[in-house]
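Overview (structure and organization)
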Amino acid sequence: MEKYIDIVLNSYGGYFNYLKNEILYWNWDNYFYGLIAISLVVWLLEIAFPWRKQQAIFRKDFWLDLFYLFFNFFLLNLILLIALSNVMEQFINDILQQFGLELTSIQLFSISELPKPLALLVFFIISDFIQWNVHRLLHFVPFLWKIHKTHHSVKEMGFAAHFRYNWMEPLVYKAILYIPIILIGGVNLQDVFIVHFISIAIGHLNHANLGWDYGFLKYIFNNPKMHIWHHSKKMPNKYGVNFGISLSIWDYIFQTNYIPKDGRDIELGFADENEFPKDFLKQEFYPLKK
């Protein structure tokens with residue numbers, strides 16, 4: 001146990017030094033300014049081409065969502081991505097060594113043998129399908145739904161709502177997402193970050209005040225006109241619809257797609273939202289409340 005604690009502490013220490021350098025020294029692969037750039041571009045698109053024209057630029061809970069954006073991405077998401085990956089790798093290595101095996105012995109194949117663009121595409125598709133399934137679990141399992149309620153507490157959609165989620169949610173996502181990283185092999189941290197940023201750009205657009213669906217590409221990529229129905233207060237079933245993260249194709253394949261009409265002005269939220277807290281700290285501890 002002490003070994004795993006040391007891994008976490010070293011990951012955190014290394015990350016804070018990394019984050020300090022990201023903020024102080026700008027370069028082309030800078031994730032701090034990359035998130036700011038994506039957010040500004042999508043926000044400017046919202047201002048220039050608003051779907052809900054009556055919605056204020058500084059919409060309801062804009063500042064709360066902006067806080068979530070930076071808190072979850074820099075203080076939570078990336079740390080978990082690094083620390084959890086390091087711990088899981090060591091943990092699985094320790095288990096395999098007890099059986100005289102190595103990590104490479106359980107890998108189905110290695111994407112490092114593929115051309116870089118194809119390798120990234122394969123990892124993107126596999127990781128997105130895994131996350132689509134995790135997202136469904138967040139709606140089907142009662143305790144996981146308590147965690148996921150934070151994200152569905154949004155009442156007016158905007159780009160920053162993408163990162164409104166409880167601190168336990170990425171624990172679920174990242175723990176399960178590490179499975180394909182192990183099985184396919186050849187995935188390095190830079191590949192993960194590239195795919196992560198592509199997903200961030202698509203996710204920002206999905207939650208933005210934009211009336212886009214990308215034409216025939218809507219059957220492949222998730223989009224604002226589809227995703228808003230995922231946040232609808234009134235659902236056609238108990239568990240929800242349109243679970244796509246970056247890709248919508250999984251919903252069309254498994255028939256969880258639902259766009260009955262233009263959803264521009266539908267009410268967002270969930271049935272018992274009046275019992276859900278409004279401030280950040282109470283939302284963070286809500287799943288632990290009996």
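The residue numbers shown here count from 1 along each chain, following its written sequence. pLDDT decides what is reported in this predicted model: residues at 70 or higher carry local features, side-chain atom pairs at 80 or more are listed and counted, and totals for whole chains, interfaces and linings draw on all residues regardless. The basis for every side-chain value is the complete set of non-hydrogen atoms in the structure, without hydrogens or water.

**Remarks on the layout of surface pockets**
In this structure, the largest pocket spans a volume of roughly 330 Å³. Whether a set of points on the 1 Å grid over the protein atoms alone is a cavity depends on a 1.4 Å probe fitting there but being unable to get out, while an open set qualifies as a pocket with protein on both sides within 12 Å along at least five of seven lines; lining residues are those with an atom within 4 Å of a point. What lines the largest pocket is a set of 18 residues, among which His139, Trp145, Lys238, Tyr239 and Phe270 lie closest to the centre. Note on conventions: DSSP H or I runs of at least 4 residues are helices, E runs of at least 2 residues are strands, and numbering of each starts at the N terminus. Contributing elements (two or more residues each) for the lining of the largest pocket: α4 (116–140) and α5 (142–152). The biggest single contributor to the lining of the largest pocket is α5, with 3 residues. Grid points are joined across faces, edges and corners, and a volume is the space filled by probe spheres set on the points.

**Thoughts on the UniProt feature "transmembrane region" (unreviewed entry) in the chain**
As recorded in UniProt, the sites labelled "transmembrane region" (unreviewed entry) are residues 31–51, 63–84 and 171–189. As annotated, residues 31–51 comprises 86% helix and 0% strand, and the C-alpha atoms at either end are separated by 29 Å. UniProt positions are given in the numbering used here, feature names are shortened, and annotations may be inferred rather than shown by experiment.

**Concerning empty space enclosed by the protein**
A full pass over the atoms with the stated rule returns 2 cavities of 30 Å³ or more. If you add up the space inside the largest cavity, you get close to 530 Å³. What lines the largest cavity is a set of 31 residues, and nearest its centre among them are Gln131, His162, Tyr165, Tyr173 and Ile245. Within the residue set of the lining of the largest cavity, elements represented by two or more residues are α3 (62–98), α4, α5, α6 (169–184), α7 (189–207) and α8 (224–230). A total of 9 residues in the lining of the largest cavity trace back to one element, the largest contributor, which is α7. Here the lining of the largest cavity is built from residues that sort into 12 nonpolar, 17 polar and 2 charged. For this classification, the nonpolar set comprises Ala, Val, Leu, Ile, Met, Phe, Trp, Tyr, Cys and Pro, the charged set comprises Asp, Glu, Lys and Arg, and every other residue, Gly included, is treated as polar.

**Thoughts on the packing of α4 against α6**
Interaxial angle, 0 to 180 degrees, is taken between N-to-C directions of lines fitted to C-alpha atoms, where a helix line uses only the stretch in contact. The interhelical angle for the contact between α4 and α6, taken along N-to-C directions, is 145°, at an axis separation of 10 Å. Helix-helix and strand crossings are classified by hand; for α4 and α6 the assignment is right-handed. Contacts between α4 and α6 involve Phe123, Ile126, Ser127, Ile130, Gln131, Val134, His135 and Leu138 from the former and Glu169, Val172, Tyr173, Ile176, Leu177, Pro180, Ile181 and Ile184 from the latter. Here the residues of the contact of α4 with α6 sort into 12 nonpolar, 3 polar and 1 charged. Crossing handedness follows the turn of the near helix against the far one: under a right angle anticlockwise gives a left-handed crossing, and clockwise gives a right-handed one. By the convention used here, residues are in contact when the closest approach between their heavy atoms is within 4.5 Å.

**What about the packing of α4 against α5?**
Helices that pack against each other are described as a pair by the angle of their axes relative to one another and the distance between those axes. In contact at an axis separation of 6 Å, α4 and α5 are set at 105° when each is read in the N-to-C sense. Taken together, the axis directions place α4 and α5 in an arrangement best described as roughly perpendicular. Residues His135, Leu137, Leu138, His139 and Phe140 of α4 lie in contact with α5, whose contacting residues are Pro142, Leu144, Trp145, His148 and His152. Roughly parallel means an angle under 35 degrees; roughly antiparallel means over 145; roughly perpendicular covers 65 to 115; every other angle is labelled oblique.

**Overview of the side chain of His151**
Within the secondary structure layout, His151 lies in helix α5. Polar contact is defined as a pair of N or O atoms within 3.5 Å, subject to the rule that within protein one atom must be able to donate a hydrogen and the other to accept it, and that residues adjacent in sequence are counted only when both atoms are side-chain atoms. A polar contact of 3.4 Å, which involves the side chain of His151, links it to the backbone oxygen of Ala161. A polar side-chain atom of His151 sits 3.1 Å from a polar atom in the side chain of His207. Discounting residues that sit within four places of it in the chain, His151 has contacts with Ala161, His162, Arg164, Tyr165, His207, His227 and His231.

**Considering the nonpolar core**
Among buried residues, the Ala, Val, Leu, Ile, Met, Phe, Trp, Tyr and Cys ones that are joined through side-chain atoms within 4.5 Å form a nonpolar core. Three labels apply to residues, based on accessible area from a 1.4 Å probe with only protein chains included: buried if under 20% of the type maximum, exposed if over 50%, partly exposed otherwise in between. Core analysis: the biggest nonpolar cluster contains 20 residues, and Leu35, Val42, Phe73, Phe159, Phe163, Phe197 and Ile200 have the highest contact counts within it. Listed by contribution, the elements that provide at least two residues to this core are α2 (31–48), α3 and α7. It is α2 that contributes the most residues to this core, 6 residues altogether. Membership of the second largest hydrophobic core comes to 17 residues, among which are Phe124, Ile181, Ile182 and Phe243.

**Regarding a nonpolar patch on the surface**
For patch building, the residue pool is restricted to those with more than 30% relative accessible area and no salt bridge; the joining distance is 9 Å between like charges and 5 Å between nonpolar side chains (Val, Leu, Ile, Met, Phe, Trp, Tyr). In these tables, accessible area is a Shrake-Rupley quantity obtained with a 1.4 Å probe, and a residue counts as shielded only by the protein chains included in the view. A pair is scored as a salt bridge if a Lys or Arg side-chain nitrogen falls within 4 Å of a carboxyl oxygen belonging to Asp or Glu. A contiguous nonpolar surface patch, about 730 Å² in accessible area, is contributed by Leu137, Phe140, Val141, Phe143, Tyr239, Leu281, Phe285 and Leu288. Of all the secondary-structure elements, those providing two or more residues to the nonpolar patch are α4 and α10 (280–285). Following the sequence through the fold, Phe143 ends up in helix α5. On the basis of relative accessible area, Phe143 is assigned to the partly exposed category, the value being 41%.

**Notes on the pattern of salt bridges**
The full count for this structure, using the stated rule, is 9 salt bridges. Here Glu267 makes a salt bridge to Lys233, at a shortest N to O gap of 3.4 Å. In this pair, Glu267 sits in the loop between α9 (249–253) and α10 while Lys233 sits in the loop between α8 and α9, placing the two residues 34 residues apart along the sequence. Note on Glu267: relative accessible area 46%, which makes it partly exposed. It is possible to trace a salt-bridge network through shared partners that takes in Arg59, Asp61, Asp65 and Arg164.

**What to know about α4**
With 25 residues, α4 extends 36 Å between its outermost C-alpha atoms, agreeing within 8% with the 36 Å of an ideal straight helix rising 1.5 Å per residue. Every buried residue belonging to α4 is among Ala119, Leu120, Phe123, Phe124, Ser127, Asp128, Gln131, Trp132, Val134, His135, Leu138 and His139, and all of these are buried. In a helix, the anticipated span is given by 1.5 Å times the number of residues less one.

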